[in-house]
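# Summary of structural features
Below, each chain spelled out in residue letters.
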Amino acid sequence: MQQKIHFISGLPRSGSTLLSAILRQNPRIHAGMTSPVGPVFNACLTAMGAENEFSVFFKEEQKRDILHAIFDGYYRHVEATGLVFDTNRMWTSRAAAVRKLFPQARMICCVRNPAWVMDSVERLIRKNAFDVSRIFTNAQERSTVYTRADALLNPHRMIGFAWSALKEAYYSEDSDMLLLVDYDLLASRPAEVLPLIYKFIGEEPFDHDFENVEYEAEDFDSQLLAKGLHRVRGKVEFRPRPTVLPPDLFKRFQDLVFWQDARGTRAHRIVVTQDPPPGAQASEDGQSR
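First things first, this report covers the structure right here in the doc. (Residues numbered from 1 in each chain as written. Predicted model: local features only at pLDDT ≥ 70, side-chain atom pairs only at ≥ 80, totals over all residues. Heavy atoms only, no water.)

## Side note on the sheet that holds strand 5 (residues 178–182)
- With parallel pairing, six strands are arranged side by side in an open sheet as 2-3-1-4-5-8. For this open sheet the edge positions go to strand 2 (29–30) and strand 8 (268–270), each flanked by a neighbour on one side alone.
- Relative to strand 5, strand 4 (residues 107–111) is paired through five bridges, and the arrangement is parallel. Bridging from a neighbouring strand, C110 pairs with V181 of strand 5.
- Sitting on the sheet, helix 3 (residues 60–75) is in contact with strand 1 (4–10), strand 2 and strand 3 (83–87), with an inclination near 110 degrees to strand 3. (Pairing = 2+ DSSP bridges. Helix = DSSP H or I, 4+ residues; strand = E, 2+ residues; numbered from the N terminus. Contact = heavy atoms within 4.5 Å. Axes fitted to C-alpha atoms, helices over the stretch in contact; angles between N-to-C directions.)

## Regarding unusual backbone geometry
- For R13, which is not glycine, the phi dihedral falls at a positive 55 degrees.
- Examined against the element boundaries, R13 turns out to sit in the loop between strand 1 and helix 1 (16–23).

## Thoughts on helix 5 (residues 114–127)
- The terminal C-alpha atoms of helix 5, which comprises 14 residues, lie 20 Å apart, in line with the 20 Å expected from a rise of 1.5 Å per residue.
- Within the sequence span of helix 5, burial applies to P114, A115, W116, V117, M118, D119, S120, V121, E122, L124 and I125.
- In this structure, the buried residues of helix 5 make contact with helix 7 (145–153), helix 8 (158–170) and helix 12 (247–254).
- Measuring from the side-chain oxygen of the N-cap residue of helix 5 to the backbone nitrogen of A115 gives 2.9 Å; that N-cap residue is N113. (Expected span 1.5 Å × (residues − 1). Buried < 20%, exposed > 50% of the residue type's maximum accessible area, 1.4 Å probe, protein only. Polar contact = N/O pair within 3.5 Å; in protein donor to acceptor, adjacent residues only side chain to side chain.)

Right, dumping it as structure tokens:
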């Protein structure tokens, strides 16, 4: 690749689009919502794996070159001259492969109390009350907030997969390539968080405009029947709000936080050490996840 590459991953509804919207203000950087590179990467790995009878013909070097070519073929057409951030929640599950392909790459993992992640999804569903969201696969999953929560926590679904993949990477031997960034801090103190991110990736800081951040993927969100899923508009700021989740469901998700404990990992962190009370949290009006 002509450009350097880093990755954005982590939990859904936790600031990845907001972070990308800020970073893309820098003309040297390309960043955006979830890209198609990850699924193509996985499909290619599968095609070269044991399920394929021709897998015996692929040497390690050939696999590496083919996987490199996916990034090169996709990103040679972007305008950024210096640095590309590829966004996908699956990258934390491929940390070992990423490090072998791009030894100098870093992975920014956006995190948030999972209770507020679920709260964010639930608010979006209720906001689009007349749409049948494709986030859920059938009427039974959509029926109540509890069935929606169970579906999203499935290990192969939106929250469950991202949480499992992040936890795997957090405690892996490649954890030192990770920087976990808490959504609350990014939303409330962006002028302090962004210089730390630039330092972590070894780049010169940029004078970002946090008063006017914009990004939208209307076509993608519309096909999911989840309007506003990737929308960023206006000032980056923290706005308190109450949760819409029942107390027992909020606690169930809140107990999934693990990144406040630094034992057993070499991951870098920009996180709060203690969660705010369940009566207040950053609003996403005009923000992203």
